[in-house]
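These are the residues of each chain, in order.
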Amino acid sequence: MSIKSEDVEKFLNANPQFVKSYFSKKLKPGAVASVMGIQESAVDLDSFEQVSQVEEGEIFYDLIKDMQDNVNMEKVIFKILKRISALIHADRCSLFMYRQRNGIAELATRLFNVNATSKLEDCIVSPDSEIVFPLDIGIVGHVAHTKKHINVKDVNEDSHFCTFVDELTEYTTHNILATPIMNGKEVVAVIMGVNKTTGTNFTDEDEDLFLKYLKVGTLNLKIYHLSYLHSCETRKGQLLLWSANKVFEELTDIERQFHKALYTVRAYLNCDRYSVGLLDMTKEKEFFDIWPVLMEEQAPYSGPRTPDGREIIFYKVIDYILHGKEDIKVIPNPPADHWALASGLPTYVAESGFICNIMNAAADEMFSFQSEPLDDSGWTIKNVLCLPIVNKKEETVGVATFYNRKDGKPFDEQDENLMEALTQFLGWSVLNPDTYDKMNKLENRKDIAQDMVLYHVKCRDDEIQNILKTREHYGKEPRDCEEDELLQILKKELPGPRKFEIYEFRFSDFDCTELDLVRCGIQMYYEVGVVKKFQVPQEVLVRFMYSVSKGYRRITYHNWRHGFNVGQTMFTLLTTGQLKRYYTDLEVMAMITAGFLHDIDHRGTNNLYQVKSQNPLAKLHGSSILERHHLEFGKFLLGDESLNIFQNLNRRQTEHVFHLIDIAIIATDLALYFKKRTMFQKIVDLSETYEDEKKWVDFMSLETTRKEIHNIFLFACMAMMMTACDLSAITKPWEVQSKVALSVAAEFWEQGDLERTVLQQQPIPMMDRNKAAELPKLQCGFIDFVCTFVYKEFSRFHPATQPMYDGIQNNRREWKALQEAYEAKLKEAEEAAKANQEAAAAKKAIANANGGSAGSKTCSVC
Ligand SMILES: [Zn+2]
């Protein structure tokens with residue numbers, strides 16, 4: 001029996017299920033093409049209800065090949081969505097990526113409105129125009145939240161539907177098919193098909209097909225997600241050590257630890273740029289810093305504070321530029337409107353301790369300061385991740401801010417976790433057990449070292465006989481003598497006030513031995529009448545002065561001679577300069593003592609060198625490193641009862657004396673000089689408004705003024721006196737100044753040599769012995785920019801100090817003359833060289849002209 005085509009048609013119409021399964025197995029583009037008599041490539045399978053299994057296999061194969069060839073997740077998913085939209089007749093399909101920021105999950109559009117005819121570039125959503133919604137909004141959010149797929153046949157009947165995106169895109173959604181893409185239990189993305197074009201809703205078959213195709217998509221998204229996690233892990237595992245770099249030199253020891261760790265961040269996080277703001281760790285302010293507040297010229301700080309109560313002051317910003325050419329910048333004392341701080345975000349993070357992840361800086365009010373690009377390359381802040389750096393003591397030590405993830409996407413949960421781990425590591429590294437250990441060892445060593453120091457520095461019994469000759473006079477030790485007996489000896493042994501001109505500003509130590517200087521020092525305590533008044537045991541006084549002289553190292557400039565000169569100038573300023581009138585005798589004694597002690601145990605190198613060479617001192621003290629050391633050393637000597645000239649003071653007096661010595665010695669750090677300048681000028685200005693001298697002295701020294709202000713004035717004046725003393729060599733007669741300047745320079749050059757050999761660094765011109773000829777010029781600069789102010793103001797304040805101002809002006813002329821002579825010589829030499837050159841050139845020209853006429857150059861061999 002033969003089957004007629006009508007029968008087949010009849011059968012097929014009666015058995016749609018068979019038709020479906022038959023065509024899904026057999027229908028291939030080739031078969032369709034041959035039936036329809038067209039080319040295979042022209043067959044549009046999308047117009048068929050379904051594609052055959054075989055055909056599907058080919059599509060999958062094609063997709064998998066794409067995945068292998070191309071890791072571009074968006075491209076592969078785009079192809080799948082395109083296919084799906086054709087198969088299930090969805091008007092559009094979209095991909096939403098799942099992520100977390102600030103601990104809150106959200107979905108962001110990545111591929112939007114894909115249909116059978118879309119082009120990838122029209123559908124891919126750039127990071128700055130993505131639509132982001134939290135999980136509690138919309139059906140997509142609901143799907144991510146429940147982790148279950150959904151077929152919403154009428155959105156109006158689904159309570160989760162939200163018209164937000166429709167309104168935004170001027171579209172009307174009727175029905176939705178959506179499914180989460182999972183990696184284990186984690187949601188990675190959500191894929192959605194919208195509006196069935198050939199019916200009222202998506203059918204169960206559509207749903208099956210949708211899920212089947214998405215299996216490939218899932219695989220691809222998983223690979224993408226895993227490779228992202230993997231790269232985070234590998235980046236975490238990398239450790240880049242920062243080799244010697246000039247940035248290093250600008251950092252203190254602790255900052256270097258930060259820097260080392262932070263440089264590794266480069267590998268951790270793909271961002272354009274990041275900066276680290278380092279917070280001032282001081283809890284109690286220095287005298288010089290609270291000055292304007294005490295004076296009520298400045299309101300006390302009322303701004304934000306760290307959780308442990310510190311003022312939020314970013315004293316340094318290290319800026320790491322990773323976009324374009326890599327660079328690192330160190331910005332000391334950044335102003336509040338510096339772009340790295342202007343948003344207020346770092347301050348907020350330092351105050352709250354929160355991690356802040358800000359996605360669209362352009363839309364954020366905080367970043368409205370960003371009216372134009374922040375650097376020449378046209379760079380702007382787009383996304384920000386800002387975290388506190390907290391040490392083990394739970395103190396916020398800094399704030400790390402990361403800008404613009406390299407791929408343009410916002411920072412996500414991964415970044416937050418990664419960076420949190422990193423900043424934690426950073427904070428801990430600052431005070432890691434290792435550092436603690438070293439500090440402890442240092443402390444322990446200090447004890448032993450102190451004993452040794454005392455042994456070497458303390459004036460021995462045989463040494464004291466050089467001055468206090470009790471053996472010679474009475475045949476006994478000083479301790480067995482009466483104070484009166486000792487006084488008799490000292491009257492003979494001390495030089496008296498006139499022999500070495502200790503009352504003169506022009507005093508020079510050139511004709512004194514070091515022992516003479518010890519004697520002169522002792523003499524001064526008698527001159528100001530404090531020995532008797534404060535019951536200083538005379539043996540103690542002699543031992544103290546002697547030990548101070550021994551505490552100075554035998555280095556080129558910062559030796560006992562310099563220490564003595566500063567004490568002597570303090571003595572002369574107080575007496576001859578009449579500044580004593582403001583101070584009590586006890587204060588006078590403290591100030592002279594501070595002068596003698598101010599550079600004790602100096603090493604001949606400056607603060608920066610201690611930092612650069614990683615001297616343990618730099619670890620102990622953050623700023624004014626050496627000055628703090630001189631102070632400690634001085635106090636350490638005074639802590640020994642046999643050297644303590646303040647031993648018979650009561651507690652209140654002792655405290656006052658040490659408070660003054662603290663301020664006076666720290667004040668010799670020239671780095672503080674500019675802070676002190678304005679205060680001192682104010683005092684001098686104020687003094688000129690008093691016509692009656694007595695009233696001014698009363699104002700300065702008596703309780704008529706409020707106690708605090710009275711103290712501030714006296715302290716500030718003393719601080720500037722210390723500077724005047726420390727720099728006094730510049731005011732001495734030219735014969736003295738010219739020699740002392742050379743020894744200062746010689747010590748600088750020695751440091752310069754050390755920098756070259758030990759640190760392998762090029763010293764600054766001042767410390768470069770190859771530039772010794774520039775000394776007159778450097779001296780003129782030093783006089784003009786630093787010194788002149790001091791002595792000019794003092795002469796205005798107290799005319800009796802005029803000799804110092806005259807001295808500096810005279811030396812200025814001498815140095816200027818030398819500078820000019822040197823420059824003239826230089827010019828002469830230059831001109832001579834130029835003339836020589838010209839002569840040589842002329843000679844050559846003549847020779848050439850002659851040679852040229854001799855014939856062709858190729859013949860010159862003959
Ligand atoms: Zn000094």
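- The name given to the protein chain in an unreviewed UniProt entry is Phosphodiesterase, with Electrophorus electricus as the source organism.
- Here is the UniProt Subcellular location (unreviewed entry) comment for the protein chain, exactly as written: "Membrane".

**Overview of the packing of helix α24 (residues 585–597) against helix α28 (residues 651–666)**
Point 1. At their nearest, the axes of α24 and α28 sit 9 Å apart, and the two run at 40° to each other. By the criterion of interaxial angle, the relationship of α24 to α28 is oblique. Here α24 runs over α28; the crossing is right-handed. The segment α24 lies against α28, with Leu586, Glu587, Ala590, Ala594 and Leu597 engaging Gln653, His656, Val657, Leu660, Ile661, Ala664 and Ile665.
Point 2. In terms of residue class, the contact of α24 with α28 is made up of nine nonpolar, two polar and one charged.

**What about the packing of aromatic side chains?**
Point 1. Under the definition given, this model contains 28 aromatic pairs.
Point 2. In textbook terms, an aromatic cluster arises when at least three aromatic residues are bridged by ring pairs, as seen for Tyr582, Tyr583, Phe680, Tyr690, Trp696, Phe699, Phe713, Phe794 and Phe797.
Point 3. In this arrangement the basic side chain of Arg92 is found over the ring face of Tyr171, its NZ or CZ atom lying 3.6 Å from the centre.
Point 4. Sitting over the ring of Tyr474, Lys476 keeps its end group 5.9 Å from the ring centre.

**Things to note about the pattern of salt bridges**
Point 1. For the structure on display, the rule yields 42 salt bridges.
Point 2. Close ionic contact of Glu463 with Lys550 constitutes a salt bridge, the shortest N to O distance being 2.9 Å. On the criterion of sequence distance, the pair formed by Glu463 in helix α17 (residues 461–464) and Lys550 in helix α22 (residues 538–551) is long-range, its members being 87 residues apart.
Point 3. Residue classification places Glu463 among the buried positions, given a relative accessible area of 11%.
Point 4. With its nearest N and O atoms 3.0 Å apart, the salt bridge here joins Asp585 to Lys533. On the criterion of sequence distance, the pair formed by Asp585 in helix α24 and Lys533 in helix α21 (residues 530–533) is long-range, its members being 52 residues apart.

**Considering the UniProt feature "binding site: Zn(2+) 1" (unreviewed entry) in the protein chain**
Point 1. On the UniProt side, "binding site: Zn(2+) 1" (unreviewed entry) is annotated at positions that read His562, His598, Asp599 and Asp726 here. Despite a sequence span of 165 residues, these residues sit close together in the fold, their greatest C-alpha distance being 9.6 Å.
Point 2. With respect to the helices, strands and loops of the structure, His562 is situated in helix α23 (residues 560–574).
Point 3. In contact with His562, not counting residues within four places along its chain, are Tyr557, His598, Asp599 and Asp726.
Point 4. Within the secondary structure, Asp599 sits in the loop between α24 and α25 (607–612).
Point 5. Residue Asp599 is classed as buried on the basis of its relative accessible area, which comes to 5%.
Point 6. In this view, Asp599 contacts Tyr552, His558, His562, His630 and Asp726; residues no more than four positions away in its chain are not counted.
Point 7. At 2.8 Å, the side chain of Asp599 and the side chain of His598 are in polar contact.

About the thresholds
Residues numbered from 1 in each chain as written. Predicted model: local features only at pLDDT ≥ 70, side-chain atom pairs only at ≥ 80, totals over all residues. Heavy atoms only, no water. UniProt positions renumbered as here; feature names shortened; annotations may be inferred. Axes fitted to C-alpha atoms, helices over the stretch in contact; angles between N-to-C directions. Helix = DSSP H or I, 4+ residues; strand = E, 2+ residues; numbered from the N terminus. Parallel < 35°, antiparallel > 145°, perpendicular 65-115°, else oblique. Left-handed = near helix turned anticlockwise from the far one by under 90°. Contact = heavy atoms within 4.5 Å. Nonpolar A, V, L, I, M, F, W, Y, C, P; charged D, E, K, R; others polar. Phe/Tyr/Trp six-rings, centres within 6.5 Å; stacked < 30°, edge-to-face > 60°. Lys NZ or Arg CZ within 6 Å of the ring centre and 35° of its normal. Salt bridge = Lys/Arg side-chain N within 4 Å of Asp/Glu carboxyl O. Buried < 20%, exposed > 50% of the residue type's maximum accessible area, 1.4 Å probe, protein only. Polar contact = N/O pair within 3.5 Å; in protein donor to acceptor, adjacent residues only side chain to side chain.

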